[in-house]
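Remarks on the overall topology
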Amino acid sequence: MNATDRTPADLLRSALAADPGRPLVTFYDDATGERVELSVATFANWVAKTANLLQGDLSAAPGDRVALLLPAHWQTAVWLLACASVGAIADVGGDPAVADVVVSGPDTLSAARACRGERVALALRPLGGRFPQAPDGFADYAVEVPSQGDRFVPFAPVDPEEAGLIVAGREFSGAEVVERARAEAAGLGLTGPGSRILSGLSYDTWEGLNAGLYGPLATGGSVVLCRHLAQLGEEALAKRVESERVSVVRR
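So, a few notes on the structure that sits alongside this text. (Residues numbered from 1 in each chain as written. Predicted model: local features only at pLDDT ≥ 70, side-chain atom pairs only at ≥ 80, totals over all residues. Heavy atoms only, no water.)

Next up on the list: the pairing of strand E8 (residues 163–167). The buried fraction of E8 is high, at four of five residues. Alignment of strand E4 (residues 89–92) against E8, held across three bridges, turns out to be parallel. Counterpart to Asp 91 in the pairing with E8 is Ile 166. Two elements, E8 and strand E9 (residues 170–173), share four bridges in a ladder whose sense is antiparallel. Residue pairing in the sheet places Leu 165 in a bridge with Phe 172 of E9. With antiparallel pairing between neighbouring strands as the criterion, E8 and E9 make up a hairpin whose turn holds two residues, including Ala 168 at a positive phi of roughly 50 degrees. (Buried < 20%, exposed > 50% of the residue type's maximum accessible area, 1.4 Å probe, protein only. Helix = DSSP H or I, 4+ residues; strand = E, 2+ residues; numbered from the N terminus. Pairing = 2+ DSSP bridges.)

The following block contains the structure:
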């Protein structure tokens, strides 16, 4: 953590400088049995590649709106930080028809076709796998992102006071995301570096985004992000809490 951090991208840079090897996001999909653990360094590498894709291939610029039609997933977290790195507005569940870029999961492709700009599709398969056949009219994220550069430099400085996130109809600047995540950390049970939260909350609310990404990032903690957590029984959940050394659960 660094007191001078003003955007989520700043928070990630500070986390990378402080301890690149520590876990940041551990993802479970309890419908498929998938588990993925990303260290700060691995997560930051995915963010850099995605930001390069967004800025370079998709021509996104500060202030452009990126509709994210995605569930709570580790790749969604990557896209949120990639938008912050570029200075684009991450519009979670936003209207594709008014977006400059749409990023869609496999279940929202029909709605995503309303976007007249660039369209990217994520298969959300284990290990970041690609579609067997790319959806018509979309770039397959898993095909496009591996060749992107491992370092990202924005073409224009990111203004922390400009809009950076829209969720549930509420707009936040990058600075507001950082400030609110820090202010609400104690209420989430994130008491500082090393805190580990398990979140089964959706990403379609501020509360879900904060528990599932911004809060841990702002405090030097980490998140165990669980999709389809309702399919996990209480005994199995208790075992996960123990094995993942979770200090607080939000669901």
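From this point, things continue past the structure.
Another aspect to go through is the pattern of salt bridges. Scanning the entire structure with this criterion turns up twelve salt bridges. Here Asp 150 ties to Lys 49 by a salt bridge, and the two come within 2.9 Å at their closest N and O atoms. Of this pair, Asp 150 sits in the loop between helix H5 (141–144) and E8 while Lys 49 sits in helix H2 (residues 40–57), and the two are 101 residues apart along the sequence. With relative accessibility at 46%, the residue Asp 150 sits in the partly exposed group. Judged by its relative accessible area of 13%, Lys 49 falls in the buried class. Put simply, Arg 180 and Glu 184 hold a salt bridge, and the shortest N to O gap is 2.5 Å. Residue Arg 180 is classed as partly exposed on the basis of its relative accessible area of 25%. Residue Glu 184 is classed as partly exposed on the basis of its relative accessible area of 28%. (Salt bridge = Lys/Arg side-chain N within 4 Å of Asp/Glu carboxyl O.)

All right, on to the nonpolar core then. In terms of nonpolar packing, the biggest core is built from 63 residues, with Leu 12, Phe 43, Trp 79, Leu 80, Val 103, Leu 165 and Tyr 214 touching the most fellow members. Element by element, the count of residues in this core is highest for helix H3 (residues 74–86), at nine residues. If near-sequence neighbours (up to four positions away) are discounted, Phe 43 is found in contact with Leu 12, Leu 24, Val 25, Leu 38, Trp 74, Ala 77, Val 78, Leu 81 and Leu 213. Listed in part, the eleven residues of the second largest apolar core include Ala 99, Cys 115, Ala 121 and Phe 138. (Core = buried A, V, L, I, M, F, W, Y, C linked by side-chain atoms within 4.5 Å. Contact = heavy atoms within 4.5 Å.)

The next subject is unusual backbone geometry. Positive phi values are uncommon outside glycine, yet Leu 127 reaches one of about 60 degrees. Looking at where Leu 127 falls in the secondary structure, it is placed in the loop between strand E6 (118–121) and strand E7 (139–140). Leu 127 gets classed as exposed once you look at its relative accessible area, which sits at 75%. For His 228, which is not glycine, the phi torsion reads 60 degrees and is therefore positive.

Time to look at the environment of Arg 130. Mapped onto the secondary structure, Arg 130 falls in the loop between E6 and E7. Note on Arg 130: relative accessible area 46%, which makes it partly exposed. The spatial distance from the C-alpha of Arg 130 to the C-alpha of Ala 142 is 4.9 Å, given a sequence separation of twelve residues. Ignoring sequence-local partners within four residues, the contact set of Arg 130 consists of Ala 123, Arg 125, Asp 140, Ala 142 and Val 143.

This next bit is on the sheet that holds E7. Read from one edge of the open sheet, seven strands run E7-E6-E5-E3-E4-E8-E9, paired in mixed fashion. The open sheet has two free edges, formed respectively by E7 and E9, since each of these has just one partner strand.

For the rest of this paragraph, the subject is the pairing of strand E3 (residues 65–69). Across the five residues that make up E3, a large majority, four, are buried. Direction of pairing for E3 relative to E4: parallel, over a ladder of four bridges. Bridging from a neighbouring strand, Leu 68 pairs with Val 92 of E4. In terms of handedness, the path from E3 via H3 over to E4 forms a crossover that is right-handed. Of the strand pairs in this sheet, E3 and strand E5 (residues 101–104) are connected by four bridges, and their pairing is parallel. Across the sheet, Leu 68 pairs through a bridge with Val 103, a residue of E5. (Right-handed = clockwise from strand over helix to strand, strands pointing away.)

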